[in-house]
Amino acid sequence: MWDMESFQPDFAISPTKGYISPGMDVPFVVTFRPSKLSQAVQYEGLRCFIQGSEPLLLTLAGSCVEVPDTKETLTFTCNVRERQSQTILLSNPSSEAWTLQPILEGKYWKGPEFIHLEARQKEKAYQVTYRPLTMSSENKKHQGSIFFPLPDGTGLHYHLEGTAEAPRCSGAISRQVPCRISHTELIPVSNWLHRPQRFLVVIDMLKPENLESSSVLQGCSYIDVPSSAKEDYQLTFLSYKEGVFSAKANLALEYQPLKTGESTGHLVLQSSDLGSLSYKLQLKATSSRPGKPVYFRTTLGSRQTVTTKIRNFAQEKTEYLLQTDCADFQTAKSISAAPASSGGSDLNVEVTFEPCLLGEAKATLQLSSALGGQYCIPLIGLALPPEPQGPFLIPAGGTTSISFRNVFPKSTAFQYTVKHPAFAVRAPGMLRAKSSTTITVSFTGGRAPVTSRLVVSCPGGSWIYHLRGLPSTR
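The following paragraphs examine the structure supplied in this document.

About the criteria used
Residues numbered from 1 in each chain as written. Predicted model: local features only at pLDDT ≥ 70, side-chain atom pairs only at ≥ 80, totals over all residues. Heavy atoms only, no water. Helix = DSSP H or I, 4+ residues; strand = E, 2+ residues; numbered from the N terminus. Buried < 20%, exposed > 50% of the residue type's maximum accessible area, 1.4 Å probe, protein only. Phe/Tyr/Trp six-rings, centres within 6.5 Å; stacked < 30°, edge-to-face > 60°. Salt bridge = Lys/Arg side-chain N within 4 Å of Asp/Glu carboxyl O. Pairing = 2+ DSSP bridges. Axes fitted to C-alpha atoms, helices over the stretch in contact; angles between N-to-C directions. Polar contact = N/O pair within 3.5 Å; in protein donor to acceptor, adjacent residues only side chain to side chain.

A word on unusual backbone geometry
Moving on, step 1. Looking along the chain, the bond that leaves glutamine 8 and enters proline 9 is cis, with omega of 5°.
Moving on, step 2. The topology assignment puts proline 9 in the segment before strand 1 (11-14).
Moving on, step 3. Geometrically, the link from glycine 390 to proline 391 is a cis peptide bond, its omega value of 5° lying close to zero.
Moving on, step 4. Tracing the chain through its elements places proline 391 in strand 31 (residues 389-394).
Moving on, step 5. One non-glycine residue, glutamate 123, lies in the positive phi region at around 50°.
Moving on, step 6. The exposure class assigned to glutamate 123 is exposed, which follows from its relative accessible area of 56%.

Printed below as a string of C-alpha coordinates:
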(Lines give C-alpha, C1' and ligand atoms only; values in the text may rest on other atoms or scores of the structure.)
Protein backbone atom coordinates (compact mmCIF):
# COMPACT_ATOMS: atom_id res chain seq x y z
CA MET A 1 0.00 0.00 0.00
CA TRP A 2 1.35 3.42 -1.01
CA ASP A 3 1.30 6.42 1.32
CA MET A 4 -0.83 8.54 -1.02
CA GLU A 5 -0.70 11.75 1.01
CA SER A 6 3.05 11.97 0.43
CA PHE A 7 2.50 12.11 -3.37
CA GLN A 8 0.30 15.22 -3.23
CA PRO A 9 -0.15 17.66 -4.84
CA ASP A 10 2.05 17.06 -7.88
CA PHE A 11 2.15 13.28 -8.30
CA ALA A 12 -0.25 10.34 -8.28
CA ILE A 13 0.33 6.60 -8.57
CA SER A 14 -1.91 3.72 -9.57
CA PRO A 15 -2.78 1.16 -8.28
CA THR A 16 -2.54 2.39 -4.71
CA LYS A 17 -2.84 -1.03 -3.06
CA GLY A 18 -3.22 -4.69 -3.91
CA TYR A 19 -1.84 -8.20 -3.56
CA ILE A 20 1.23 -9.67 -5.26
CA SER A 21 2.09 -13.37 -5.44
CA PRO A 22 5.67 -14.74 -5.35
CA GLY A 23 7.41 -14.26 -8.70
CA MET A 24 4.74 -11.86 -9.92
CA ASP A 25 5.39 -8.37 -11.37
CA VAL A 26 3.01 -5.44 -10.88
CA PRO A 27 3.45 -2.28 -13.02
CA PHE A 28 2.67 1.13 -11.52
CA VAL A 29 1.60 4.23 -13.48
CA VAL A 30 2.92 7.53 -12.13
CA THR A 31 1.14 10.74 -13.20
CA PHE A 32 2.83 14.14 -12.91
CA ARG A 33 0.44 17.11 -12.65
CA PRO A 34 2.48 20.06 -11.36
CA SER A 35 0.58 22.74 -9.47
CA LYS A 36 3.06 25.57 -10.12
CA LEU A 37 6.07 26.48 -12.21
CA SER A 38 9.32 24.95 -10.98
CA GLN A 39 12.50 23.80 -12.70
CA ALA A 40 12.99 21.05 -10.09
CA VAL A 41 10.08 19.20 -8.49
CA GLN A 42 11.44 16.32 -6.42
CA TYR A 43 9.73 14.02 -3.95
CA GLU A 44 11.97 11.68 -1.93
CA GLY A 45 11.21 8.80 0.37
CA LEU A 46 7.77 7.94 -0.99
CA ARG A 47 6.87 4.74 0.85
CA CYS A 48 5.14 1.55 -0.23
CA PHE A 49 4.23 -0.56 2.82
CA ILE A 50 4.67 -4.31 2.36
CA GLN A 51 3.41 -6.86 4.84
CA GLY A 52 6.27 -8.69 6.58
CA SER A 53 8.95 -6.53 4.96
CA GLU A 54 10.54 -3.09 5.12
CA PRO A 55 8.81 -0.33 3.07
CA LEU A 56 10.05 0.29 -0.46
CA LEU A 57 11.25 3.84 -1.08
CA LEU A 58 10.65 5.78 -4.31
CA THR A 59 12.05 9.09 -5.53
CA LEU A 60 10.22 11.09 -8.20
CA ALA A 61 11.56 14.15 -10.02
CA GLY A 62 9.96 16.42 -12.59
CA SER A 63 10.13 19.86 -14.10
CA CYS A 64 7.28 22.30 -14.76
CA VAL A 65 8.10 25.01 -17.31
CA GLU A 66 6.11 27.71 -18.99
CA VAL A 67 4.62 26.96 -22.37
CA PRO A 68 7.23 28.41 -24.73
CA ASP A 69 6.45 31.17 -27.17
CA THR A 70 4.86 29.99 -30.38
CA LYS A 71 7.65 28.99 -32.72
CA GLU A 72 5.52 29.16 -35.83
CA THR A 73 1.92 29.33 -37.03
CA LEU A 74 0.92 26.59 -39.43
CA THR A 75 -1.89 27.68 -41.75
CA PHE A 76 -4.16 25.10 -43.33
CA THR A 77 -6.72 25.65 -46.10
CA CYS A 78 -8.91 23.01 -47.70
CA ASN A 79 -12.51 22.30 -48.60
CA VAL A 80 -14.72 21.04 -45.82
CA ARG A 81 -14.57 17.23 -45.31
CA GLU A 82 -11.29 17.07 -47.23
CA ARG A 83 -7.84 17.05 -45.69
CA GLN A 84 -4.50 18.82 -45.82
CA SER A 85 -1.25 17.73 -44.16
CA GLN A 86 1.83 19.69 -43.18
CA THR A 87 5.18 18.55 -41.83
CA ILE A 88 7.04 19.72 -38.72
CA LEU A 89 10.78 18.94 -38.66
CA LEU A 90 12.17 17.84 -35.28
CA SER A 91 15.79 17.37 -34.23
CA ASN A 92 17.45 15.65 -31.27
CA PRO A 93 20.80 17.29 -30.41
CA SER A 94 21.40 15.06 -27.36
CA SER A 95 23.41 11.85 -27.10
CA GLU A 96 20.36 9.81 -26.02
CA ALA A 97 17.32 8.68 -27.99
CA TRP A 98 14.03 10.54 -27.45
CA THR A 99 10.45 9.30 -27.59
CA LEU A 100 8.15 12.32 -27.64
CA GLN A 101 4.40 12.38 -26.99
CA PRO A 102 2.96 15.54 -28.59
CA ILE A 103 -0.02 17.29 -27.01
CA LEU A 104 -2.39 18.13 -29.86
CA GLU A 105 -5.37 20.43 -29.30
CA GLY A 106 -8.10 21.20 -31.81
CA LYS A 107 -10.75 18.64 -32.82
CA TYR A 108 -10.01 18.86 -36.56
CA TRP A 109 -6.29 18.07 -36.33
CA LYS A 110 -4.71 14.62 -36.02
CA GLY A 111 -1.15 13.33 -35.76
CA PRO A 112 0.82 10.28 -34.54
CA GLU A 113 0.59 9.74 -30.77
CA PHE A 114 4.37 9.23 -30.45
CA ILE A 115 7.47 10.08 -32.46
CA HIS A 116 10.91 8.52 -31.84
CA LEU A 117 14.16 10.39 -32.53
CA GLU A 118 17.52 8.68 -32.40
CA ALA A 119 20.47 10.36 -30.70
CA ARG A 120 21.68 13.40 -32.70
CA GLN A 121 19.05 12.82 -35.36
CA LYS A 122 18.25 15.88 -37.46
CA GLU A 123 15.02 16.99 -39.13
CA LYS A 124 12.74 14.01 -38.63
CA ALA A 125 9.30 14.73 -40.09
CA TYR A 126 6.15 14.79 -37.96
CA GLN A 127 2.95 15.07 -40.02
CA VAL A 128 -0.09 17.03 -38.84
CA THR A 129 -3.35 16.52 -40.76
CA TYR A 130 -6.27 18.97 -40.86
CA ARG A 131 -9.67 17.45 -41.73
CA PRO A 132 -12.52 19.86 -40.94
CA LEU A 133 -16.08 18.56 -40.70
CA THR A 134 -17.69 22.01 -40.55
CA MET A 135 -17.04 25.18 -42.54
CA SER A 136 -15.21 28.07 -40.94
CA SER A 137 -16.20 31.73 -41.29
CA GLU A 138 -14.17 34.74 -42.29
CA ASN A 139 -14.05 36.04 -38.73
CA LYS A 140 -13.84 32.68 -36.96
CA LYS A 141 -11.27 30.27 -38.31
CA HIS A 142 -10.57 26.88 -36.73
CA GLN A 143 -7.90 27.13 -34.03
CA GLY A 144 -5.57 24.53 -32.56
CA SER A 145 -2.07 23.96 -31.22
CA ILE A 146 0.57 21.28 -30.86
CA PHE A 147 3.17 21.13 -28.10
CA PHE A 148 6.22 18.86 -28.08
CA PRO A 149 7.54 18.42 -24.48
CA LEU A 150 11.28 17.67 -24.64
CA PRO A 151 13.24 15.57 -22.12
CA ASP A 152 15.54 18.50 -21.29
CA GLY A 153 12.62 20.40 -19.73
CA THR A 154 11.96 22.67 -22.70
CA GLY A 155 9.37 22.30 -25.45
CA LEU A 156 8.26 23.36 -28.91
CA HIS A 157 4.90 25.04 -29.41
CA TYR A 158 3.13 25.55 -32.74
CA HIS A 159 -0.12 27.39 -33.37
CA LEU A 160 -2.54 25.81 -35.86
CA GLU A 161 -5.03 27.81 -37.91
CA GLY A 162 -7.45 26.25 -40.37
CA THR A 163 -9.80 27.58 -43.03
CA ALA A 164 -12.51 25.19 -44.21
CA GLU A 165 -13.99 26.39 -47.48
CA ALA A 166 -17.26 25.40 -49.12
CA PRO A 167 -17.45 21.77 -50.25
CA ARG A 168 -16.57 20.86 -53.80
CA CYS A 169 -19.21 19.63 -56.18
CA SER A 170 -19.40 15.89 -55.57
CA GLY A 171 -19.72 15.11 -59.27
CA ALA A 172 -21.64 15.69 -62.51
CA ILE A 173 -24.28 13.22 -63.66
CA SER A 174 -25.42 13.18 -67.30
CA ARG A 175 -28.24 10.94 -68.52
CA GLN A 176 -30.14 10.64 -71.81
CA VAL A 177 -33.66 9.28 -71.31
CA PRO A 178 -36.68 8.90 -73.62
CA CYS A 179 -39.70 11.16 -73.31
CA ARG A 180 -42.61 10.04 -71.13
CA ILE A 181 -40.47 7.46 -69.33
CA SER A 182 -39.67 8.16 -65.72
CA HIS A 183 -36.00 7.89 -64.71
CA THR A 184 -34.81 7.65 -61.10
CA GLU A 185 -31.21 8.51 -60.33
CA LEU A 186 -29.63 7.22 -57.10
CA ILE A 187 -27.27 9.79 -55.62
CA PRO A 188 -25.05 8.51 -52.77
CA VAL A 189 -25.07 10.69 -49.64
CA SER A 190 -22.43 10.03 -46.96
CA ASN A 191 -22.69 10.96 -43.29
CA TRP A 192 -19.21 11.77 -42.01
CA LEU A 193 -20.29 12.31 -38.38
CA HIS A 194 -20.63 9.69 -35.61
CA ARG A 195 -24.29 10.57 -35.12
CA PRO A 196 -27.35 10.42 -37.42
CA GLN A 197 -27.91 13.44 -39.67
CA ARG A 198 -30.88 14.73 -41.62
CA PHE A 199 -29.89 16.49 -44.86
CA LEU A 200 -32.24 19.06 -46.38
CA VAL A 201 -32.27 18.85 -50.17
CA VAL A 202 -32.51 21.96 -52.38
CA ILE A 203 -32.78 21.49 -56.15
CA ASP A 204 -31.85 24.53 -58.31
CA MET A 205 -32.79 24.49 -61.97
CA LEU A 206 -30.03 25.90 -64.15
CA LYS A 207 -31.47 25.26 -67.62
CA PRO A 208 -34.26 26.08 -68.24
CA GLU A 209 -34.75 28.34 -65.24
CA ASN A 210 -38.40 27.35 -64.89
CA LEU A 211 -39.72 23.87 -65.61
CA GLU A 212 -42.88 23.63 -67.69
CA SER A 213 -45.81 21.59 -66.44
CA SER A 214 -44.80 18.85 -68.88
CA SER A 215 -41.50 18.19 -67.07
CA VAL A 216 -40.80 16.95 -63.56
CA LEU A 217 -37.57 16.86 -61.57
CA GLN A 218 -38.24 16.00 -57.98
CA GLY A 219 -37.11 14.17 -54.89
CA CYS A 220 -37.76 14.14 -51.16
CA SER A 221 -37.12 17.38 -49.31
CA TYR A 222 -34.78 15.59 -46.89
CA ILE A 223 -32.88 12.35 -46.35
CA ASP A 224 -31.89 10.68 -43.06
CA VAL A 225 -28.48 9.01 -42.97
CA PRO A 226 -27.28 6.92 -39.98
CA SER A 227 -23.96 7.71 -38.31
CA SER A 228 -20.84 7.00 -40.41
CA ALA A 229 -22.97 5.46 -43.14
CA LYS A 230 -24.07 6.06 -46.72
CA GLU A 231 -27.57 6.19 -48.17
CA ASP A 232 -28.91 6.71 -51.71
CA TYR A 233 -31.02 9.78 -52.45
CA GLN A 234 -33.60 9.19 -55.19
CA LEU A 235 -34.03 11.94 -57.77
CA THR A 236 -36.79 11.40 -60.33
CA PHE A 237 -36.90 13.01 -63.79
CA LEU A 238 -39.76 12.86 -66.30
CA SER A 239 -40.38 15.00 -69.40
CA TYR A 240 -43.06 14.81 -72.06
CA LYS A 241 -41.08 17.00 -74.47
CA GLU A 242 -37.59 16.81 -75.90
CA GLY A 243 -34.99 19.18 -74.48
CA VAL A 244 -31.85 19.67 -72.44
CA PHE A 245 -32.27 20.07 -68.70
CA SER A 246 -29.61 21.05 -66.19
CA ALA A 247 -30.04 21.22 -62.44
CA LYS A 248 -28.00 21.29 -59.26
CA ALA A 249 -28.92 19.34 -56.13
CA ASN A 250 -27.44 20.96 -53.06
CA LEU A 251 -27.63 18.57 -50.83
CA ALA A 252 -37.58 9.88 -55.51
CA LEU A 253 -40.36 8.74 -55.12
CA GLU A 254 -39.00 7.30 -51.84
CA TYR A 255 -39.43 3.60 -51.10
CA GLN A 256 -38.61 2.64 -47.51
CA PRO A 257 -39.68 -0.95 -46.86
CA LEU A 258 -39.67 -2.28 -43.31
CA LYS A 259 -40.04 -5.96 -44.21
CA THR A 260 -38.37 -8.20 -46.78
CA GLY A 261 -40.37 -9.48 -49.71
CA GLU A 262 -41.93 -8.41 -53.02
CA SER A 263 -44.99 -6.29 -53.55
CA THR A 264 -46.77 -4.51 -56.36
CA GLY A 265 -48.45 -1.17 -56.57
CA HIS A 266 -50.33 1.09 -58.92
CA LEU A 267 -49.48 4.75 -59.52
CA VAL A 268 -51.93 6.96 -61.45
CA LEU A 269 -51.00 10.51 -62.49
CA GLN A 270 -53.80 12.89 -63.44
CA SER A 271 -53.25 16.00 -65.57
CA SER A 272 -55.80 18.34 -67.13
CA ASP A 273 -53.47 18.81 -70.12
CA LEU A 274 -52.13 15.29 -70.59
CA GLY A 275 -54.88 13.13 -69.21
CA SER A 276 -54.34 10.06 -67.06
CA LEU A 277 -51.08 8.10 -66.96
CA SER A 278 -50.96 4.73 -65.21
CA TYR A 279 -47.84 2.94 -63.92
CA LYS A 280 -47.45 -0.47 -62.36
CA LEU A 281 -44.88 -0.61 -59.54
CA GLN A 282 -42.82 -3.74 -58.90
CA LEU A 283 -41.19 -3.35 -55.47
CA LYS A 284 -38.67 -5.71 -53.88
CA ALA A 285 -37.20 -5.33 -50.39
CA THR A 286 -34.11 -7.40 -49.58
CA SER A 287 -32.61 -8.18 -46.17
CA SER A 288 -30.86 -5.26 -44.51
CA ARG A 289 -27.11 -5.24 -44.15
CA PRO A 290 -25.68 -6.30 -40.75
CA GLY A 291 -25.13 -3.43 -38.36
CA LYS A 292 -21.82 -2.44 -36.79
CA PRO A 293 -20.27 -5.20 -34.64
CA VAL A 294 -20.58 -4.90 -30.86
CA TYR A 295 -17.42 -5.90 -28.96
CA PHE A 296 -17.14 -7.42 -25.46
CA ARG A 297 -14.11 -8.15 -23.27
CA THR A 298 -14.31 -9.80 -19.84
CA THR A 299 -12.84 -12.60 -17.74
CA LEU A 300 -14.13 -16.16 -17.45
CA GLY A 301 -16.64 -16.18 -14.60
CA SER A 302 -17.66 -12.53 -15.09
CA ARG A 303 -20.32 -10.75 -17.09
CA GLN A 304 -20.27 -7.64 -19.25
CA THR A 305 -23.36 -5.78 -20.41
CA VAL A 306 -23.22 -3.45 -23.44
CA THR A 307 -26.02 -1.28 -24.80
CA THR A 308 -26.37 -1.10 -28.57
CA LYS A 309 -29.13 0.49 -30.62
CA ILE A 310 -31.18 0.14 -33.78
CA ARG A 311 -33.17 2.70 -35.75
CA ASN A 312 -36.88 1.92 -35.48
CA PHE A 313 -39.06 3.27 -38.30
CA ALA A 314 -42.39 1.68 -37.37
CA GLN A 315 -45.03 4.40 -37.07
CA GLU A 316 -47.06 2.34 -34.57
CA LYS A 317 -46.18 0.77 -31.25
CA THR A 318 -44.56 -2.59 -31.91
CA GLU A 319 -42.65 -5.39 -30.20
CA TYR A 320 -39.32 -6.79 -31.34
CA LEU A 321 -38.42 -10.41 -30.66
CA LEU A 322 -34.71 -10.93 -29.80
CA GLN A 323 -32.60 -14.01 -30.43
CA THR A 324 -28.89 -14.90 -30.47
CA ASP A 325 -27.22 -18.00 -31.91
CA CYS A 326 -24.72 -18.40 -29.04
CA ALA A 327 -25.59 -19.03 -25.38
CA ASP A 328 -22.68 -16.84 -24.22
CA PHE A 329 -24.68 -13.76 -25.30
CA GLN A 330 -27.91 -13.10 -23.45
CA THR A 331 -30.71 -10.59 -24.10
CA ALA A 332 -34.31 -10.03 -23.14
CA LYS A 333 -36.77 -12.15 -25.10
CA SER A 334 -38.52 -9.06 -26.43
CA ILE A 335 -38.55 -5.27 -26.17
CA SER A 336 -41.31 -2.77 -26.90
CA ALA A 337 -40.84 0.23 -29.18
CA ALA A 338 -42.95 3.37 -29.10
CA PRO A 339 -44.19 4.85 -32.41
CA ALA A 340 -41.22 6.29 -34.28
CA SER A 341 -40.85 9.85 -35.48
CA SER A 342 -40.88 10.63 -39.20
CA GLY A 343 -37.14 10.08 -39.49
CA GLY A 344 -37.03 7.06 -37.17
CA SER A 345 -36.19 6.74 -33.47
CA ASP A 346 -33.34 5.01 -31.66
CA LEU A 347 -34.19 1.87 -29.70
CA ASN A 348 -31.69 0.70 -27.07
CA VAL A 349 -30.92 -3.01 -26.71
CA GLU A 350 -28.90 -4.49 -23.81
CA VAL A 351 -26.70 -7.53 -24.48
CA THR A 352 -24.85 -9.44 -21.72
CA PHE A 353 -21.72 -11.48 -22.48
CA GLU A 354 -21.06 -14.34 -20.01
CA PRO A 355 -18.42 -16.62 -21.57
CA CYS A 356 -18.05 -20.29 -20.72
CA LEU A 357 -14.79 -20.84 -22.66
CA LEU A 358 -11.55 -18.88 -22.96
CA GLY A 359 -10.91 -17.11 -26.24
CA GLU A 360 -13.11 -15.45 -28.83
CA ALA A 361 -16.84 -16.04 -29.24
CA LYS A 362 -18.98 -14.78 -32.11
CA ALA A 363 -22.74 -14.56 -32.51
CA THR A 364 -25.47 -12.68 -34.33
CA LEU A 365 -28.24 -10.81 -32.56
CA GLN A 366 -31.47 -10.88 -34.57
CA LEU A 367 -34.38 -8.54 -33.92
CA SER A 368 -37.68 -9.06 -35.72
CA SER A 369 -41.00 -7.27 -35.66
CA ALA A 370 -44.14 -7.61 -37.76
CA LEU A 371 -44.19 -3.82 -38.21
CA GLY A 372 -40.57 -2.77 -37.80
CA GLY A 373 -38.84 -5.45 -39.90
CA GLN A 374 -35.64 -7.34 -39.15
CA TYR A 375 -32.19 -6.29 -37.92
CA CYS A 376 -28.93 -8.25 -37.57
CA ILE A 377 -26.08 -7.14 -35.29
CA PRO A 378 -22.77 -9.08 -35.12
CA LEU A 379 -21.51 -9.78 -31.56
CA ILE A 380 -17.84 -10.46 -30.84
CA GLY A 381 -16.67 -11.35 -27.33
CA LEU A 382 -13.24 -12.08 -25.87
CA ALA A 383 -12.96 -14.20 -22.71
CA LEU A 384 -9.76 -13.71 -20.69
CA PRO A 385 -8.40 -15.93 -17.90
CA PRO A 386 -9.89 -15.17 -14.45
CA GLU A 387 -8.03 -12.58 -12.39
CA PRO A 388 -7.12 -13.21 -8.74
CA GLN A 389 -9.50 -11.53 -6.29
CA GLY A 390 -9.12 -10.29 -2.77
CA PRO A 391 -7.66 -10.29 -0.27
CA PHE A 392 -10.75 -11.29 1.74
CA LEU A 393 -10.30 -10.36 5.41
CA ILE A 394 -11.45 -12.93 7.97
CA PRO A 395 -11.43 -12.21 11.71
CA ALA A 396 -10.07 -14.84 14.09
CA GLY A 397 -12.77 -17.37 14.79
CA GLY A 398 -14.99 -15.83 12.10
CA THR A 399 -16.05 -16.46 8.52
CA THR A 400 -16.38 -14.63 5.21
CA SER A 401 -18.64 -15.31 2.24
CA ILE A 402 -17.47 -15.35 -1.39
CA SER A 403 -19.98 -15.37 -4.26
CA PHE A 404 -19.26 -17.90 -7.01
CA ARG A 405 -21.12 -18.78 -10.19
CA ASN A 406 -20.99 -21.81 -12.47
CA VAL A 407 -20.76 -20.14 -15.89
CA PHE A 408 -20.77 -23.42 -17.80
CA PRO A 409 -23.85 -24.66 -19.71
CA LYS A 410 -23.98 -27.93 -17.75
CA SER A 411 -23.75 -29.13 -14.15
CA THR A 412 -20.10 -29.06 -13.07
CA ALA A 413 -18.11 -30.46 -10.13
CA PHE A 414 -15.75 -27.97 -8.46
CA GLN A 415 -12.84 -28.55 -6.11
CA TYR A 416 -11.91 -26.10 -3.32
CA THR A 417 -8.31 -26.00 -2.08
CA VAL A 418 -6.69 -23.88 0.65
CA LYS A 419 -3.02 -24.45 1.46
CA HIS A 420 -2.94 -23.17 5.05
CA PRO A 421 -4.63 -25.41 7.65
CA ALA A 422 -5.95 -22.42 9.61
CA PHE A 423 -8.59 -21.92 6.91
CA ALA A 424 -11.57 -24.18 6.21
CA VAL A 425 -13.96 -24.10 3.27
CA ARG A 426 -17.62 -25.06 3.03
CA ALA A 427 -19.24 -25.09 -0.44
CA PRO A 428 -21.26 -27.48 -2.65
CA GLY A 429 -19.19 -29.79 -4.81
CA MET A 430 -21.69 -29.88 -7.71
CA LEU A 431 -23.32 -26.79 -9.18
CA ARG A 432 -26.12 -26.69 -11.72
CA ALA A 433 -25.58 -24.91 -15.04
CA LYS A 434 -25.57 -21.09 -14.77
CA SER A 435 -26.30 -21.22 -11.02
CA SER A 436 -24.70 -19.20 -8.21
CA THR A 437 -23.64 -20.18 -4.73
CA THR A 438 -21.82 -18.84 -1.68
CA ILE A 439 -18.44 -20.15 -0.55
CA THR A 440 -17.98 -19.90 3.22
CA VAL A 441 -14.38 -19.63 4.46
CA SER A 442 -13.61 -19.80 8.19
CA PHE A 443 -10.40 -18.91 10.05
CA THR A 444 -9.42 -20.47 13.39
CA GLY A 445 -7.22 -17.52 14.34
CA GLY A 446 -3.99 -16.96 16.20
CA ARG A 447 -1.68 -14.25 17.47
CA ALA A 448 -0.28 -13.38 14.03
CA PRO A 449 -1.97 -12.61 10.70
CA VAL A 450 -2.06 -15.46 8.19
CA THR A 451 -2.26 -15.22 4.40
CA SER A 452 -3.21 -17.94 1.99
CA ARG A 453 -5.28 -18.44 -1.11
CA LEU A 454 -8.37 -20.40 -2.06
CA VAL A 455 -8.31 -22.11 -5.47
CA VAL A 456 -11.62 -23.15 -7.04
CA SER A 457 -10.94 -25.46 -9.97
CA CYS A 458 -12.69 -27.63 -12.55
CA PRO A 459 -11.70 -28.98 -15.98
CA GLY A 460 -12.78 -25.70 -17.60
CA GLY A 461 -10.65 -23.31 -15.51
CA SER A 462 -9.60 -22.14 -12.07
CA TRP A 463 -10.29 -19.12 -9.87
CA ILE A 464 -8.00 -17.70 -7.17
CA TYR A 465 -9.16 -15.84 -4.06
CA HIS A 466 -6.55 -14.35 -1.72
CA LEU A 467 -7.32 -14.74 2.00
CA ARG A 468 -6.02 -12.82 4.98
CA GLY A 469 -6.75 -14.06 8.48
CA LEU A 470 -6.64 -11.33 11.09
CA PRO A 471 -4.93 -11.99 14.47
CA SER A 472 -6.92 -12.51 17.62
CA THR A 473 -7.48 -9.34 19.69
CA ARG A 474 -7.44 -11.27 22.99
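Considering the packing of aromatic side chains
Moving on, step 1. Within this structure, the stated rule accounts for 20 aromatic pairs.
Moving on, step 2. Relative to tyrosine 43, the ring of phenylalanine 11 lies with its centre 5.0 Å away and its plane at 75°, an arrangement referred to as edge-to-face. Placement of the pair is phenylalanine 11 in strand 1 and tyrosine 43 in strand 3 (residues 38-48), with a sequence separation of 32 residues.
Moving on, step 3. The exposure class assigned to phenylalanine 11 is buried, which follows from its relative accessible area of 8%.
Moving on, step 4. Using a relative accessible area of 14% as the deciding quantity, one classes tyrosine 43 as buried.
Moving on, step 5. Relative to phenylalanine 148, the ring of tyrosine 126 lies with its centre 5.2 Å away and its plane at 90°, an arrangement referred to as edge-to-face. Placement of the pair is tyrosine 126 in strand 11 (residues 124-130) and phenylalanine 148 in strand 12 (residues 142-149), with a sequence separation of 22 residues.
Moving on, step 6. The class for tyrosine 126 is buried, based on a relative accessible area of 2%.

Remarks on the pattern of salt bridges
Moving on, step 1. Counting across every chain of the model gives nine salt bridges.
Moving on, step 2. In this structure, the salt-bridge partner of arginine 168 is glutamate 82, at a minimum N-O distance of 2.9 Å. Separated by 86 residues along the polypeptide, arginine 168 in the loop between strand 13 (155-165) and strand 14 (183-190) and glutamate 82 in the loop between strand 5 (72-79) and strand 6 (84-90) bring together distant segments of the chain.
Moving on, step 3. Ionic pairing is found between arginine 303 and glutamate 354, a salt bridge with its closest N-O pair at 3.2 Å. Remark: glutamate 354 occurs in the loop between strand 28 (345-353) and strand 29 (359-369) and arginine 303 occurs in the loop between strand 23 (294-299) and strand 24 (304-312); sequence separation between them is 51 residues.
Moving on, step 4. Take glutamate 354: its relative accessible area is 0%, and that puts it in the buried class.
Moving on, step 5. Several salt bridges share partner residues, and in doing so they unite Arg303, Glu354, Arg405 and Lys434 into one network.

A closer look at the sheet that holds strand 39 (residues 461-469)
Moving on, step 1. Within the open sheet, the four strands sit side by side as 31-39-38-34. Their pairing is mixed. The sheet terminates laterally at strand 31 and strand 34 (415-418), the two strands that pair on one side only. Between one strand axis and the next, the sheet turns through 25° on average, direction left out of account.
Moving on, step 2. Summarising the sheet, strand 31 and strand 39 pair through four bridges and their orientation is parallel. Bridge pairing links phenylalanine 392 to leucine 467 in strand 39.

Comments concerning the side chain of threonine 236
Moving on, step 1. In this fold, threonine 236 is placed in strand 19 (residues 230-239).
Moving on, step 2. Owing to a relative accessible area of 10%, threonine 236 belongs among the buried residues under this scheme.
Moving on, step 3. Within the local environment of threonine 236, its side chain forms a polar contact with the side chain of threonine 184, the two groups lying 3.4 Å apart.

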